[in-house]
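Structural overview
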Amino acid sequence: MNGLPLVILGVALFALAYVLWKIQGRINEIMRAVDLGFKAIEDGVRKNLLDPNGAFGGVTKAVDKSFMTMENSLTQNMLGPGGVLSTTTGTLNTARDVFHQAGNDIHDARILLAQDMRKIITDSGTILDDVGHPLVDAGGWLNNIGNDIDVDIGGLHPFKDLAKPFRDVGGTVDTVGDKCLEAEDQLNQMSTKVLDAAAKLDALRTGADNVGNEFNGLSIYVDTTFRAGVRTSVDDLEKARVSLDQLFAAFTTGVGTSIQELENARRFLDSQLLQLVNNRLTAALAVAGIIFIVIGVSIGI
């Protein structure tokens, strides 16, 4: 019987065991390289994305802080008790009250002019008329008396001096009466001007009330429609911030899951690489090769 085939088989098995033993060293190097690669990826992801103090954590905090700053700014500076809207509304209400009060004051002035002042002027004119005509009549009567006294006797006027006081007083009284009647005419003209001024005050009062109403409308708009718009903006900002926070949280969770998957993949790859070269298998092949060689030699080549 020829033991050469057994010797050849034994040599082949031993050579295979040797090759596997040599490969095992390379496999360990590959495993270390793979582990280092996976670890670098995992560490990079953990540091940059999962670490609260990392780059991504800083971005999420900055975004969240920016939204909170905008929300707080709008809430406190715009909507708060001492905010812009409250101050603006108070200013508009004050302006409204000022113009409405001005309208009331103008109305009171108009009443004073159209009723009280005009009555005084009219009454004064009546008094002057009542005084003026009698004075004119009295002046004429006194002049007539003077004329009657100053008779012409033979071309002489012996009672001229006696008539002069009547004429002087009559002229003075007549002049005063004329002045009274002139003053009455001026008062009548003034009464017409007072009515015109009262009409203008009516228009001015209407204008003041209109301006007050405009301020009131602006105040209502600022305190309702505009305030509601700002509140909606604050709510929208809050919703956007919450949505981003949820998105960041979901992303972080996903990254954590990915890290775990990377870890599982690394372990699986390590196990597969380890299965390529098994120490027991290598030893078994070497022992089997030696046994076959020994048996082949013992049988004879």
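Here the structure is a predicted model, which is why all the values come from computation and not from measurement.

Tallying secondary structure elements over the protein gives five helices and zero strands in all. Secondary structure of the protein in N-to-C order comes out as α-α-α-α-α. Going through the 301 residues of the protein one by one, you find that 24% of them count as buried. Total accessible area computed for the protein in this model is approximately 19000 Å², and 64% of it derives from carbon and sulfur atoms.

With that settled, the discussion passes to the side chain of Glu 71. Mapping Glu 71 onto the fold places it in helix α2 (residues 55-79). Note on Glu 71: relative accessible area 6%, which makes it buried. Excluding residues that lie within four positions of it along the chain, Glu 71 makes contacts with Val 234, Leu 237, Glu 238 and Arg 241.

With that settled, the discussion passes to the nonpolar core. Met 78, Leu 79, Leu 85, Leu 92, Val 222, Val 230 and Val 234 together form the largest nonpolar core, which totals seven residues. Contributions of two or more residues to this core are made by α2, α3 (84-149) and α4 (160-276). Per element, the largest residue contribution to this core is three residues, and it comes from α4.

Right, let's get into α3. The α-helix advances 3.6 residues per turn, and as a result positions three or four apart in sequence lie on the same side. The terminal C-alpha atoms of α3, which comprises 66 residues, lie 92 Å apart, in line with the 98 Å expected from a rise of 1.5 Å per residue. At Leu 113, α3 is deflected by roughly 35°, the largest bend along its length.

Right, let's get into a nonpolar patch on the surface. Side chains of Val 287, Ile 291, Ile 295 and Ile 299 sit close together on the surface and give an oily, nonpolar patch of about 300 Å² of accessible area. Mapped onto the secondary structure, Ile 299 falls in helix α5 (residues 279-299).

Before going further, it helps to examine the pattern of salt bridges. Throughout the structure, instances matching the rule amount to seven salt bridges. For Arg 96, the salt bridge is made with Asp 97, and the minimal N-O distance between the two is 3.0 Å. What makes Asp 97 partly exposed here is its relative accessible area of 41%. Residue Arg 205 pairs with Asp 209 through a salt bridge whose shortest N-O separation is 3.6 Å. Linking Arg 205 with Asp 209, this pair stays in helix α4, spanning four residues, or about one helical turn. A residue is classified by how much of its surface remains accessible, and Arg 205, at 26% relative accessible area, is partly exposed. In the salt-bridge network here, residues are joined through shared partners; they are Glu 71, Arg 241 and Asp 245.

We now examine the confidence of the model for the protein. Considering every residue of the protein, the mean pLDDT works out to 78; 86% of them sit at 70 or more. Taking the mean pLDDT of every element in the protein, the minimum, 71, falls on α5 and the maximum, 83, on α3.

What follows deals with the environment of Leu 237. Along the chain, Leu 237 turns up in helix α4. Judged by its relative accessible area of 18%, Leu 237 falls in the buried class. Linking Leu 237 and Glu 71, residues 166 residues apart in sequence, is a C-alpha distance of 6.6 Å.

On to the environment of Ser 219. If you trace the backbone, Ser 219 turns up in helix α4. Here Ser 219 falls in the buried class, since its relative accessible area comes to 4%. Sequence separation of Ser 219 and Thr 88 is 131 residues, and the distance between their C-alpha atoms is 7.7 Å. When neighbours within four sequence positions are excluded, Ser 219 is seen to be in contact with Thr 89, Leu 92 and Asn 93.

The subject of this paragraph is the environment of Ala 183. Here Ala 183 shows up in helix α4. Sequence-wise, Ala 183 and Gly 125 are 58 residues apart; in three dimensions their C-alpha atoms are separated by 7.4 Å.

Conventions and cut-offs
Residues numbered from 1 in each chain as written. Predicted model: local features only at pLDDT ≥ 70, side-chain atom pairs only at ≥ 80, totals over all residues. Heavy atoms only, no water. Helix = DSSP H or I, 4+ residues; strand = E, 2+ residues; numbered from the N terminus. Buried < 20%, exposed > 50% of the residue type's maximum accessible area, 1.4 Å probe, protein only. Areas by Shrake-Rupley, 256 points an atom, 1.4 Å probe, with all protein chains shown as cover. Contact = heavy atoms within 4.5 Å. Core = buried A, V, L, I, M, F, W, Y, C linked by side-chain atoms within 4.5 Å. Expected span 1.5 Å × (residues − 1). Bend = angle between axes of the 7 residues up to and from the residue. Patch = residues over 30% accessible without salt bridge, like charges linked within 9 Å, V, L, I, M, F, W, Y side chains within 5 Å. Salt bridge = Lys/Arg side-chain N within 4 Å of Asp/Glu carboxyl O. pLDDT = per-residue confidence, 0-100.

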